[in-house]
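The lines below spell out each chain.
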Amino acid sequence: SQKIEQNSEALNIQEGKTATLTCNYTNYSPAYLQWYRQDPGRGPVFLLLIRENEKEKRKERLKVTFDTTLKQSLFHITASQPADSATYLCALDEYSGAGSYQLTFGKGTKLSVIP
Amino acid sequence: DAGVTQSPTHLIKTRGQQVTLRCSPKSGHDTVSWYQQALGQGPQFIFQYYEEEERQRGNFPDRFSGHQFPNYSSELNVNALLLGDSALYLCASSPGGTGDNEQFFGPGTRLTVL
């Protein structure tokens, strides 16, 4: 069966350090992978998208890698700040026919950055 | 730009009742997807609408139905509510009709079924 796993439900990290979140998947052939941030009681906010033929993507303090051989994506936040505390969701998208894609989300990792 | 808006914000219903949730997509977006998010879980795909038709559907029963209007706004209807339908219902929009780009999510509607 298809499965998306995010390495841990919660991750605590000291301010200024690099946070690394992991997303592993099985039985998928994703065309691309996305990362979202979600604050309590709010909708997810898009952060980064990486396609299957891309190894790495960067945006300011964020970096995403995508290894289709390992079936894994790593999401890094460098110089982490307390404001980065949130739940981070990994989402895979496969082409599902009729010209459209369907997003499947992992359960998320709750990141807490400690001052 | 107002972004994606959803109404109502909160809703309390009893088992067996029916509910309608509403979504207005971001300006310029023609594709609307609906998700259910239970507490502590990631969003689960319900279905996607494009050109007023249901294009894709996730693993949800027929009690869940929807509609998209000519102005691209959308409704999610749930019949015969069960306790397990209590969740945050999220609407997301994207341009282009294919969905292979970032999704803009609304704030969600919190549905509680008693």
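Preceding block: the structure.
These numbers come from a predicted model, not from an experiment.

Draft legend 1. Representation of the overall build of chain B in the model. Broken down by element type, chain B carries 0 helices and 11 strands. The order of helices and strands in chain B, counted from the N terminus, is β-β-β-β-β-β-β-β-β-β-β. Its C-alpha atoms give chain B a radius of gyration of 13 Å, near enough to 13 Å, the size a compact globule of 114 residues would have. Here the C-alpha coordinates of chain B stretch approximately 40 × 25 × 25 Å along the principal axes. Counting only residues that meet the buried cut, chain B has 51% of its 114 residues in that class. Contacts spanning at least 24 positions in sequence make up 53% of the contacts within chain B whose residues lie at least 6 apart. Accessible area of chain B: about 5200 Å², with a carbon and sulfur share of 48%.

Draft legend 2. Representation of the side chain of Q34 of chain A. Of note, Q34 of chain A is situated in strand 4 (residues 32-38). A polar contact of 2.3 Å, which involves the side chain of Q34 of chain A, links it to the side chain of Y36 of chain A. When near neighbours in sequence (up to four residues on either side) are disregarded, Q34 of chain A contacts F46, L48, L49, L89, C90, A91 and L103 of chain A together with N101, E102 and Q103 of chain B.

Draft legend 3. Inspection of the interface of chain A and chain B at higher detail. Taken together, the 24 residues of chain A in the interface contact 24 residues of chain B. Between chain A and chain B, a total of about 1700 Å² is buried, with carbon and sulfur atoms accounting for 50% of that surface. Contact with chain B buries area across many residues of chain A, yet Y101, Q102 and K107 of chain A alone supply 25% of it, more than any other trio. Taken together, the connections running from chain A to chain B amount to 0 salt bridges. At the junction of chain A with chain B, the criterion picks out 2 residue pairs in polar contact (both at pLDDT 80 or more). Counting residues per element, the ones that place at least two in the side of chain A that touches chain B are strand 4, strand 5 (45-51), strand 9 (86-95) and strand 10 (101-105) of chain A.

Draft legend 4. Looking closely at the layout of surface pockets. If you add up the space inside the largest pocket, you get close to 450 Å³. Surrounding the largest pocket, 22 residues form its lining, Q38 and T87 of chain A together with Q37, G40 and Q41 of chain B being those nearest its centre. Listed by contribution, the elements that provide at least two residues to the lining of the largest pocket are strand 9 and strand 11 (109-114) of chain A. Looking at which element gives the most residues to the lining of the largest pocket, the answer is strand 9 of chain A, with 3 residues. The space that makes up the second largest pocket amounts to roughly 390 Å³. Surrounding the second largest pocket, 18 residues form its lining, Q2, Y28, Q102 and T104 of chain A together with Q44 of chain B being those nearest its centre. Contributing elements (two or more residues each) for the lining of the second largest pocket: strand 1 (3-6), strand 9 and strand 10 of chain A together with strand 5 (44-50) of chain B.

Draft legend 5. Broad picture of the nonpolar core. Core analysis: the largest hydrophobic core is formed by 23 residues, its most contacted members being I4, L33, W35, F75, I77, Y88 and L111 of chain A. Of all hydrophobic cores here, the second largest spans 20 residues; its members include V19, V32, Y89 and V113 of chain B.

Draft legend 6. The sheet that holds strand 7 (residues 64-68) of chain B, seen in detail. Residues and elements named next belong to chain B. As summarised here, the arrangement of the 4 strands in space is 1-3-8-7, forming an open sheet in which the pairing is antiparallel. The sheet is open, and its two edges are formed by strand 1 (5-7) and strand 7, each paired on a single side. Here the average twist between neighbouring strands, direction ignored, is 20°. Here 5 bridges tie strand 7 to strand 8 (residues 74-78), and the two strands are oriented antiparallel to one another. Bridged to Q68 within strand 8 is S74.

Draft legend 7. Spotlight on the sheet that holds strand 6 (residues 56-59) of chain A. All names here are of chain A. The strand order across the open sheet formed by 5 strands is 1-3-8-7-6, and the pairing between neighbours is antiparallel. This sheet does not close on itself; its edge strands, each paired only once, are strand 1 and strand 6. Neighbouring strand axes in the sheet, compared pairwise and without regard to direction, differ in orientation by 15° on average. Here strand 6 pairs with strand 7 (residues 62-67) via 4 bridges, running antiparallel. Bridge pairing in strand 7 links E56 to T65.

Rules of the game
Residues numbered from 1 in each chain as written. Chains lettered and ligands numbered in written order. Predicted model: local features only at pLDDT ≥ 70, side-chain atom pairs only at ≥ 80, totals over all residues. Heavy atoms only, no water. Helix = DSSP H or I, 4+ residues; strand = E, 2+ residues; numbered from the N terminus. Rg over C-alpha atoms; globule rule 2.2 N^0.38 Å. Buried < 20%, exposed > 50% of the residue type's maximum accessible area, 1.4 Å probe, protein only. Contact = heavy atoms within 4.5 Å. Areas by Shrake-Rupley, 256 points an atom, 1.4 Å probe, with all protein chains shown as cover. Polar contact = N/O pair within 3.5 Å; in protein donor to acceptor, adjacent residues only side chain to side chain. Buried area = accessible area lost by both parts, 1.4 Å probe. Salt bridge = Lys/Arg side-chain N within 4 Å of Asp/Glu carboxyl O. 1 Å grid on protein atoms, 1.4 Å probe; cavity = no way out; pocket = protein on both sides within 12 Å on 5 of 7 lines; lining within 4 Å. Points joined across faces, edges and corners; volume = space filled by probe spheres on them. Core = buried A, V, L, I, M, F, W, Y, C linked by side-chain atoms within 4.5 Å. Pairing = 2+ DSSP bridges. Axes fitted to C-alpha atoms, helices over the stretch in contact; angles between N-to-C directions.

It is worth stressing that arrangement in space is one thing and function is another; only the former is reported here.
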